[in-house]
Amino acid sequence: MSQDLSALEAKTVSSSWTKHDTSWMLSLFGTSVGAGILFLPINIGSGGFWSLVIMALLAGPMTFWAHRGLARFVLSSKQPNADFTDVVEEHFGQRYGRLISLLYFLSIFPILLIYGVGLTNTVDSFMVHQLGMAAPSRVILSGCLVFGMIAIMLAGEKTMLRVFGMIVYPLTFILAGISIYLIPSWHMPNFSLNQSVGDLSASLWLAIPVVVFAFSYTPVVSGFVNAQRRQYGYHAHTKSETILKRTSVMLIAFVLFFVFSCVLSLTPAQLQQAKVDNVSVLSYLANVEDSHFIMILGPLIAFIAITSSFLGHFMGARESFNGLVAKQTSLPIKTIDKIGVVLMFISIWFASVMNPSILGMMEAFSGPVIAMILFLMPMLAVYHIESLKIYRGKLSTYFILVMGCLAVGAIVFNMVK
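None of these values were measured; they are calculated from a predicted model.

Rules behind the numbers
- Residues numbered from 1 in each chain as written.
- Predicted model: local features only at pLDDT ≥ 70, side-chain atom pairs only at ≥ 80, totals over all residues.
- Heavy atoms only, no water.
- Helix = DSSP H or I, 4+ residues; strand = E, 2+ residues; numbered from the N terminus.
- Rg over C-alpha atoms; globule rule 2.2 N^0.38 Å.
- Buried < 20%, exposed > 50% of the residue type's maximum accessible area, 1.4 Å probe, protein only.
- Contact = heavy atoms within 4.5 Å.
- 1 Å grid on protein atoms, 1.4 Å probe; cavity = no way out; pocket = protein on both sides within 12 Å on 5 of 7 lines; lining within 4 Å.
- Points joined across faces, edges and corners; volume = space filled by probe spheres on them.
- Salt bridge = Lys/Arg side-chain N within 4 Å of Asp/Glu carboxyl O.
- Polar contact = N/O pair within 3.5 Å; in protein donor to acceptor, adjacent residues only side chain to side chain.
- pLDDT = per-residue confidence, 0-100.
- Phe/Tyr/Trp six-rings, centres within 6.5 Å; stacked < 30°, edge-to-face > 60°.
- Lys NZ or Arg CZ within 6 Å of the ring centre and 35° of its normal.
- Patch = residues over 30% accessible without salt bridge, like charges linked within 9 Å, V, L, I, M, F, W, Y side chains within 5 Å.
- Areas by Shrake-Rupley, 256 points an atom, 1.4 Å probe, with all protein chains shown as cover.
- Core = buried A, V, L, I, M, F, W, Y, C linked by side-chain atoms within 4.5 Å.
- Axes fitted to C-alpha atoms, helices over the stretch in contact; angles between N-to-C directions.
- Parallel < 35°, antiparallel > 145°, perpendicular 65-115°, else oblique.
- Nonpolar A, V, L, I, M, F, W, Y, C, P; charged D, E, K, R; others polar.
- Left-handed = near helix turned anticlockwise from the far one by under 90°.

A. Geometry of the overall build of the protein chain. Helix and strand content of the protein chain: 16 helices and zero strands. Whereas a compact globule of 417 residues would reach a radius of gyration of roughly 22 Å, the protein chain reaches 21 Å, a difference of no more than 12%. Considered along the principal axes of its C-alpha atoms, the protein chain spans approximately 65 × 50 × 45 Å. Expressed as a percentage of its 417 residues, the buried residues of the protein chain come to 55%. Put simply, of all contacts in the protein chain between residues at least 6 apart along the chain, 82% involve residues at least 24 apart.

Put into structure tokens, the structure is as follows:
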């Protein structure tokens, strides 16, 4: 009787939907949709129409199953408020746990530097070219922007979720608006299989990491799971999966509509040229179609996307830094948090001022680590952790393991070729 009641309660919690759930769904969505979405149509569209279709079909299960696996891993801890650093140490021992935690922090932190630089460049360019203003002091501009972003995070979880709601809705509507605006420019795609099986396979293989990172909200998963623990207690597992599922549907629907609309508006030759020029799809479309509408919205989308993704990545970096330092020192957690925030502010501000050209190398390091933590580690943990043994032999477990190996392999191949 008690088991039936528990199952009924879980079903009720799963089916009910609250403002809290909506806020977190938008936060996960916003963390995923960074500036990389503007390059996604070019990166996966230039491989041909059928490559795009296959990756679109794989994107849904890759996104949902991978993040669900990471959420389950964090929830597998015996500690009620364990973050990512606590869980890896609990399951893999102190030595390997701290190594994984360090790699996790070092994979997120460079992305924050990238977003700091991107945010400064986007606002600077908009002020000069769209508003006709004189170029502002980069030191002051970047300092104000980075301070503003961090101030939102310091204001607390409720403020952060409220800001996510304010910026993600416009981002979603603008993405949908541009996708619809481009429909009259659509042309019939090339349905012929003009690629050999080997070329198609290579194209799909190299596109996997692009899809992994375009739809990844890894840094915020640990904080998200703990928020569900506080809100739903025993039913956090059920509720987390429901929110992750709806987030995945929202991501796939809006992002893939945008990707297909952009790809169908350009020829394969134009997509290849845009890839060679290394420009965003909106920049290329604005030039090709001579559209002031897209030229104006391009910087706005970049600003909103970078801002939302910055907030999510800062949350993950802050949490992992606090966990790492707390295990190495006897300092109070509040002191550690203050030190971490100050150090990250100074680092991001410095990078934003210097505008370094080594950011691609930093991103190359972040890529393999995030792929391993999101795809490989949670699935391998299924065969290592007793509480996760019910997921052994599942199709989703094998699927994510294979995709994780392919993603890491493709990233390493791109780095050494």
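B. Here's a closer look at the layout of surface pockets. Its volume calculated, the second largest pocket comes out at about 570 Å³. Contributions of two or more residues to the lining of the second largest pocket are made by helix H6 (138-154), helix H7 (157-181), helix H9 (218-232), helix H13 (292-328) and helix H14 (333-354). Counting residues per element, the lining of the second largest pocket draws most heavily on H13, at five residues.

C. Main features of the pattern of salt bridges. All told, the structure shown has seven salt bridges when counted by the stated rule. Lys 239 is the partner of Asp 21 in a salt bridge, and the nearest nitrogen-oxygen pair spans 3.0 Å. Pair noted here: Asp 21 is in helix H2 (residues 19-32) and Lys 239 is in helix H10 (residues 236-264), with a separation of 218 residues, a long-range link. Linking Arg 230 and Glu 157 is a salt bridge whose minimum nitrogen-to-oxygen distance equals 2.6 Å.

D. Quick look at the side chain of Glu 89. One can find Glu 89 in helix H5 (residues 84-130). Take Glu 89: its relative accessible area is 17%, and that puts it in the buried class. At 3.3 Å, the side chain of Glu 89 and the side chain of Arg 98 are in polar contact. If sequence neighbours within four positions are ignored, Glu 89 has contacts with Gln 94, Gly 97, Arg 98 and Lys 327.

E. Examining empty space enclosed by the protein more closely. The full count for this structure, using the stated rule, is two cavities of 30 Å³ or more. Estimates place the volume of the largest cavity at around 80 Å³. Lining the largest cavity are Trp 65, Arg 68, Gly 69, Arg 72, Pro 378, Met 379, Val 382, Leu 388, Tyr 391, Ser 396 and Thr 397. Within the residue set of the lining of the largest cavity, elements represented by two or more residues are helix H4 (49-75), helix H15 (359-382) and helix H16 (395-416).

F. Highlighting the confidence of the model for the protein chain. For the protein chain, per-residue confidence averages 86 on the pLDDT scale, and residues scoring 70 or more make up 93% of the total. Put simply, helix H1 (residues 2-15) is where the protein chain has its lowest mean pLDDT, 52, and H14 is where it has its highest, 95. Long-range and interchain partners of residues 1-5, a stretch whose pLDDT sits below 50, account for zero contacts in this model, where long-range means more than four residues apart.

G. Region of the structure containing the environment of Phe 321. By the secondary structure assignment, Phe 321 is in helix H13. Along the primary structure Phe 321 and Met 344 are separated by 23 residues, whereas in three dimensions their C-alpha atoms are 9.8 Å apart. Apart from residues no more than four positions distant in its own chain, Phe 321 is found in contact with Phe 105, Ile 336, Gly 340 and Leu 343.

H. Spatial organisation of the packing of aromatic side chains. This structure, assessed with the given rule, holds 13 aromatic pairs. Each member of the aromatic cluster is reached from another via a ring pair, and the members are Phe 73, Phe 84, Phe 92 and Tyr 104. The aromatic ring of Tyr 391 is capped on one face by Arg 72, whose charged end is 3.8 Å from the ring centroid. The ring of Trp 17 carries Arg 246 above its face, with NZ or CZ at 4.2 Å from the centroid.

I. The arrangement of the side chain of Ser 142 in detail. Along the chain, Ser 142 falls in helix H6. Classification of Ser 142 by relative accessible area gives buried; the value is 0%. Each residue touching Ser 142, except ones within four places of it in the same chain, is listed here: Thr 120, Trp 349, Ser 352 and Val 353.

J. Summary view of a nonpolar patch on the surface. On the surface, Tyr 96, Leu 99, Leu 102, Leu 103, Leu 106 and Phe 365 cluster together into a nonpolar patch covering about 510 Å² of accessible area. Per-element tally for the nonpolar patch: the top contributor is H5, with five residues. Of note, Leu 99 is situated in helix H5. According to the relative accessible area criterion, Leu 99 is partly exposed, its value standing at 45%.

K. Geometry of the nonpolar core. Among the nonpolar cores identified, the biggest contains 134 residues, and Phe 73, Phe 84, Phe 215, Phe 258 and Leu 282 are the most heavily contacted of them. Sort the elements by how many residues they give to this core and H5 lands first, with 16 residues. Residues contacting Leu 282, with those up to four places away along its chain left out, are Leu 38, Ile 178, Phe 258, Ile 294, Gly 298 and Ile 301.

L. A look at the packing of H9 against H13. Contact pair H9 / H13: the axes reach a minimum separation of 7 Å and the direction vectors enclose 75°. Looking at the two axes, H9 sits roughly perpendicular to H13. Across the interface between the two elements, Pro 219, Val 220, Ser 222, Gly 223, Phe 224 and Asn 226 of H9 pack against Gly 312, His 313, Met 315, Gly 316 and Glu 319 of H13. When its residues are assigned to classes, the contact of H9 with H13 shows four nonpolar, six polar and one charged.

M. Seen up close, the environment of Leu 131. Along the polypeptide, Leu 131 turns up in the loop between H5 and H6. By relative accessible area, Leu 131 is classed as partly exposed at 48%. Sequence separation between Leu 131 and Leu 171 is 40 residues, and the spatial gap between their C-alpha atoms is 21 Å.

N. Local environment of the packing of H7 against H10. Relative to each other, H7 and H10 sit at 35°, their axes nearing to 8 Å. Between H7 and H10 lies a crossing of left-handed hand. For the pair H7 and H10, contact is made by Thr 172, Leu 175, Ala 176, Ile 178, Ser 179 and Ile 180 and by Met 250, Phe 254, Phe 257, Phe 258 and Ser 261, respectively. Within the contact of H7 with H10, the residues separate by chemical class into eight nonpolar, three polar and no charged.

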